[in-house]
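Residues per chain, in single letters:
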Amino acid sequence: ENATLAELAQWLVDKPLQIACILLVAWIATRIAQRLIRHSARRLVASTQDGALGRVSQTAVVGAAVPDPARAHARMEALQNVLGSVVSTIIWVIAVLVALGELGINLAPLIAGAGIAGVALGFGAQQMVRDYLAGLFIVSEDQFGPGDTIDLQDVSGTVESVSLRSTKLRDVDGVLWTVANGEILKVGNANKGWSRAKLDVVVAYGSDLRRAMDVIQA
């Protein structure tokens, strides 16, 4: 019944145990969240390949593109990394705040300052947030990817890389264009599922048209 020893035991045993329990719960929550995100990303990519998100049926069009496993794996990895980082950051920030509260630290000024900084950062980086959100939808919905020929109204060409913030494509003149994903309002993909090529074939007068059509189709 020594008050000094009791207070010392509280700081050396009780508080560390509480903080350890908080960190353990945060670690478990992070692992569970990562597993759920991995499962959700896998199902989303699989649903896109199976046509649940509107892919053209392969049996309806001759020569329709077959889903690329490497591309699907890259999309799944991108979704896992982004969503996993966001969720893990939120969980550990909450855990650190709770642990600081257990130490008797007044969190009101800290939270208020973080709120003001968050508002200022939100106003200053809203375009960047818009780009990242648009990139997340582009990757998750597989709107286009490296190797696709796309038309963004202002510029068209072959996609060389797609990140969450921007898309890089090279036009027919060899110019590499970098377009912020938040600026992409309409996109036409000539490699999505199937496409049609228009060819002007000159046939001489007096030729057998039926034979010419057979040769052209062949």
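Residues numbered from 1 in each chain as written. Predicted model: local features only at pLDDT ≥ 70, side-chain atom pairs only at ≥ 80, totals over all residues. Heavy atoms only, no water.

## Some words on the overall build of the protein
Part 1 of the argument: Assigned secondary structure in the protein consists of five helices and five strands.
Part 2 of the argument: Starting at the N terminus, the α and β elements of the protein follow one another as α-α-α-α-β-β-β-β-β-α.
Part 3 of the argument: For the protein, buried positions account for 24% of its 218 residues.
Part 4 of the argument: Sequence separation of 24 or more characterises 56% of the internal contacts of the protein that already satisfy a separation of 6 or more. (Helix = DSSP H or I, 4+ residues; strand = E, 2+ residues; numbered from the N terminus. Buried < 20%, exposed > 50% of the residue type's maximum accessible area, 1.4 Å probe, protein only. Contact = heavy atoms within 4.5 Å.)

## Let's talk about the sheet that holds strand S5 (residues 188-189)
Part 1 of the argument: A sheet is described by the order of its strands in space; here five strands give the open sequence S4-S3-S2-S1-S5, paired in antiparallel fashion. Every other strand in the sheet has two partners, leaving strand S4 (176-180) and S5 as the edge strands with one partner each.
Part 2 of the argument: By the bridge criterion, five bridges tie strand S3 (residues 166-170) to S4 in an arrangement that is antiparallel. Its bridge partner being in S4, Lys-168 is matched across the sheet by Thr-178. (Pairing = 2+ DSSP bridges.)

## Points about a positive patch on the surface
Part 1 of the argument: A grouping of Arg-31, Arg-35, Arg-38 and Arg-42 is seen on the molecular surface, where their side chains present a positively charged patch.
Part 2 of the argument: Tracing the backbone shows Arg-35 in helix H1 (residues 3-50). (Patch = residues over 30% accessible without salt bridge, like charges linked within 9 Å, V, L, I, M, F, W, Y side chains within 5 Å. Areas by Shrake-Rupley, 256 points an atom, 1.4 Å probe, with all protein chains shown as cover. Salt bridge = Lys/Arg side-chain N within 4 Å of Asp/Glu carboxyl O. Lys, Arg positive; Asp, Glu negative; His and termini not counted. Charge placed at Lys NZ, Arg CZ, Asp CG, Glu CD.)

## A short note on a nonpolar patch on the surface
Part 1 of the argument: A surface patch of nonpolar side chains, about 660 Å² in accessible area, is lined by Leu-23, Leu-24, Trp-27, Ile-28, Ile-32, Leu-36 and Trp-92.
Part 2 of the argument: Here the nonpolar patch gets six residues from one element, more than from any other, and that element is H1.
Part 3 of the argument: For Trp-27, the position within the fold is in helix H1.
Part 4 of the argument: Judged by its relative accessible area of 44%, Trp-27 falls in the partly exposed class.

## Regarding the pattern of salt bridges
Oppositely charged side chains can form a pair if their charged atoms are brought close together.
Part 1 of the argument: Overall, the coordinates contain two salt bridges when judged by the stated rule.
Part 2 of the argument: A salt bridge links Asp-142 to Lys-192, with the nearest nitrogen and oxygen atoms 3.4 Å apart. Here the residue Asp-142 occupies a position in the loop between helix H4 (126-141) and strand S1 (149-151), and Lys-192 occupies one in the loop between S5 and helix H5 (209-217), the gap between them amounting to 50 residues.
Part 3 of the argument: Taking the relative accessible area as the measure of exposure, Asp-142 reaches 12% and is therefore buried.
Part 4 of the argument: We note a salt bridge from Arg-170 to Glu-160, for which the minimum N-O separation is 2.5 Å. With Arg-170 in strand S3 and Glu-160 in strand S2 (residues 156-162), this residue pair connects regions lying 10 residues apart in the sequence.
Part 5 of the argument: Given the relative accessible area of 32%, Arg-170 is considered partly exposed.

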